[in-house]
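# Residue-level structural notes
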Amino acid sequence: MTTDTTTPHIDCEIADINLAPLGRKRIDWARAHMPIMRNIIERFEKEQPFKGLTIGICLHVEAKTGVWLEALTKGGATVAITGSPGTTQDETVAAIVADYGVHVYSQRSESFADHLRYCQKVLDHQPDIISDNGADLHELLFTLPQNQHLIASLLGATEETTTGANRLREDFKSDKFATLIINDTQAKRIIENRYGVGSSVVDGIMRATNVMLHGKKVLVIGYGYCGSGTAQRLRGMGAHVTVVEPNPLTRLEAHMEGFYTASLEEALPNADMVITITGRDKVLDKQHFELMADNVIIANAGHFQREINLPALTQLAEKVEQIRPHVKGYHFNDKTLFVLSDANLVNLAAGDGNPIEIMDLGLALQSLSLERIALNAKSLTPMPQPVPHDIELDVAALACQYWINH
């Protein structure tokens, strides 16, 4: 529902504006551990790089995002944002609306249908720039007639994820404006994906389950930067990790780094825990559930819930029951499979996402990329492309300044 606020001109759909004091504390805590973004906020407030511009955003709405939105709004932008199903922090959303005047369309309980409707609400603000997460805004731009006029008027866009980059390059002809792919930077891939995602996935699984990882036979499906970081963190916790990876070079890399490797069909019957982290659809399907042993824990750390075919699992199940807040049991064939967070991103749905300091770097890349588009869009080729190298070096230098030399 549309929530009344003390500033009625702010259109939004959120859970409860009265949660703002709790959200403010979350954002204050995050800001205290984000020195790079504090530096950028101070400069943006003086220079106003987004004055007169509207930025439409799809990104997980949580405390670190709140600090980023502070930077954009203090830099002169009007902002409309939506999040992702199961990952929104309702109290943070309330504070963002109350304190920064951002148009937020996001609730933790939203369905995927709600999510797509909220994405359209963001585009209804006629943004000059978009910042996307999984190419959901791009998809609506390219596929719905009512959004076609925006394609010609957009200055440019950013895309946070590998999943979104794949979709822009494989599914859409995105050649009318520049989209800077944050995940194409080495800083994002190594620092955020390998170390941040690896840590937060383990944290989310442990919060959701309270089970021991030491000695568990864990299957990690996908050995990109996020998958490799997750496999390394799990091994550090004493798990026996097997990697499934179809790319022979990447599979060889996993082997050389000391992991067992196998095909999905070979590995599934022996696994205690299965984690998908590919960015692809139906990585786990009906035939895979049938191969799994009793009491297997299943988690998704890839972008979309649909990496795990929950409708197929539900159809198999004789009974489905909620076991813990983030654990659902599916009973069939005299066994039970446990799915975490309804296959939403386990690190954000069951935890708080990547560590604050890691997102300080990632959101700095976003901030400076959006600034480049706002001030010098004509210097960019109209196509999906990496973040300009000078931006990556500037952010890495700031990280060294605050993380190493502080």
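All residue numbers here refer to positions counted from 1 along the written sequence of the relevant chain. Local features in this predicted model are restricted to residues of pLDDT 70 or higher, and side-chain atom pairs are both shown and tallied only at a pLDDT of 80 or more, whereas totals for entire chains, interfaces and linings draw on every residue. The side-chain values count all of the structure's non-hydrogen atoms but skip hydrogen atoms and water molecules.

## Remarks on the overall build of the protein
Condition: The numbering of helices and of strands both runs from the N terminus, where a helix is a DSSP run of H or I of at least 4 residues and a strand a run of E of at least 2. Our radius of gyration looks at C-alpha atoms and nothing else; its globule reference is 2.2 Å times the residue count to the power 0.38. Here's how the labels work: a residue is buried when its accessible area is under 20% of the maximum for its type, exposed when over 50%, partly exposed in between, all with a 1.4 Å probe on protein chains only. Contacts: residue pairs with any heavy atoms within 4.5 Å of one another. Each accessible area is a Shrake-Rupley result for a 1.4 Å probe, and residues are judged covered by the shown protein chains and nothing else. The charge count treats Lys and Arg as positive and Asp and Glu as negative. His and the chain ends do not count. Every charge is mapped onto a representative atom, which is NZ of Lys, CZ of Arg, CG of Asp or CD of Glu.
Secondary structure assignment for the protein yields 17 helices and 15 strands. Here the C-alpha radius of gyration of the protein, 21 Å, is about what a compact globule of 406 residues would show, namely 22 Å. When the backbone C-alpha atoms are referred to their principal axes, the protein occupies close to 60 × 45 × 45 Å. Taking all 406 residues of the protein together, the buried fraction comes to 59%. Counting contacts in the protein only where the partners sit at least 6 residues apart, residues at least 24 apart contribute 69% of the total. Of the roughly 16,400 Å² of accessible surface on the protein, a fraction of 52% belongs to carbon and sulfur atoms. Counting 36 positive and 50 negative side-chain charges, the protein places the centres of these two groups 2 Å from one another.

## Description of the environment of R43
Quick note on the threshold: Two N or O atoms count as a polar contact when they lie within 3.5 Å, although within protein this holds only if one can serve as hydrogen donor and the other as acceptor, and sequence-adjacent residues are included solely when both atoms are side-chain atoms.
Inspection of the secondary structure assignment puts R43 in helix α2 (residues 35-47). Along the sequence, R43 and N347 sit 304 residues apart, while their C-alpha atoms lie 32 Å from each other. In terms of polar contacts, R43 uses its side chain to reach the side chain of E47, at 2.9 Å.

## Details of the confidence of the model for the protein
Short version of the rule: Confidence of the predictor in every single residue is expressed as pLDDT, which spans 0 to 100.
Averaged over every residue, the pLDDT of the protein is 94; the share at 70 or more is 98%. With pLDDT under 50 throughout, residues 1-8 is counted as low confidence; its partners more than four residues away or in other chains account for 15 contacts.

## Topic: the sheet that holds strand β6 (residues 179-181)
Applicable threshold: In this description, strands pair whenever DSSP reports at least two bridges between them. Orientation is described by lines fitted to C-alpha atoms, with helices fitted over the stretch in contact, and by angles between N-to-C directions that extend from 0 to 180 degrees.
The parallel open sheet is built from seven strands, whose spatial order is β3-β2-β1-β4-β5-β6-β15. Edge strands, defined here as strands with exactly one partner in the open sheet, are β3 (103-105) and β15 (384-386). Averaged over all adjacent pairs, the angle separating strand axes in this sheet is 20 degrees, with direction ignored. The pairing of strand β1 (residues 54-58) with strand β2 (residues 78-82) spans five bridges and is parallel. Paired with G56 across the bridge in β2 is A80. Helix α3 (residues 63-74) contacts β1, β2 and β4 (129-132) of the sheet and is inclined by roughly 155 degrees relative to β2.

## Description of the side chain of H60
Take H60: it is sitting in the loop between β1 and α3. Not counting residues up to four positions away in its chain, the partners in contact with H60 are T65, G83, S84, T87, N133, L345 and L348.

## Observations concerning the nonpolar core
Filter applied, for reference: Definition of nonpolar core: a set of buried residues of the types Ala, Val, Leu, Ile, Met, Phe, Trp, Tyr and Cys, connected through side-chain atoms within 4.5 Å.
Grouped together as the largest cluster of nonpolar side chains are 58 residues, with contacts concentrated most on M37, I57, W68, L69 and L72. Those elements that provide at least two residues to this core are α1 (20-32), α2, β1, α3, β2, α4 (90-100), α16 (356-376) and α17 (389-404). The biggest single contributor to this core is α16, with 10 residues. In this view, M37 contacts V67, W68, A71, D360, L363, A364 and S367; residues no more than four positions away in its chain are not counted.

## Examining unusual backbone geometry
With a phi angle near 50 degrees, N333 is a residue other than glycine that sits in the positive phi range. With respect to the element layout, N333 can be found in the loop between β13 (327-332) and β14 (335-340). Backbone geometry places D342, a non-glycine residue, at a positive phi of 55 degrees. For D342, the location among the structural elements is in the loop between β14 and α15 (346-349). For D342, a relative accessible area of 31% gives the class partly exposed.

## Side note on the packing of aromatic side chains
What counts here: Pairs were defined over the aromatic rings of Phe, Tyr and Trp, the Trp ring being its six-membered one, requiring ring centres within 6.5 Å. Orientation was assigned from the angle between planes: stacked under 30 degrees, edge-to-face over 60, tilted for the rest. Two thresholds decide whether a charge sits over a ring: the Lys NZ or Arg CZ must be within 6 Å of the ring centre and within 35 degrees of the ring normal.
Considering all chains together, one arrives at four aromatic pairs under this definition. Ring geometry for F44 against F50: centres 5.4 Å apart, planes inclined by 85 degrees, an arrangement best described as edge-to-face. You can call F44 buried: its relative accessible area is 0%. On the basis of relative accessible area, F50 is assigned to the buried category, the value being 0%. With centroids separated by 5.7 Å and ring planes inclined at 35 degrees, the aromatic side chains of F142 and F172 adopt a geometry described as tilted. Placement of the pair is F142 in helix α6 (residues 136-143) and F172 in the loop between α8 (162-170) and β6, with a sequence separation of 30 residues. We note that F142, like F172, is buried. A connected cluster of aromatic rings, assembled from ring pairs, spans F142, F172 and F177. Here R235 stacks its cationic end above the ring of F259, 4.0 Å away from the centre of that ring. Here the basic side chain of R306 rests over the ring of F304, its NZ or CZ set 3.9 Å away from the ring centre.

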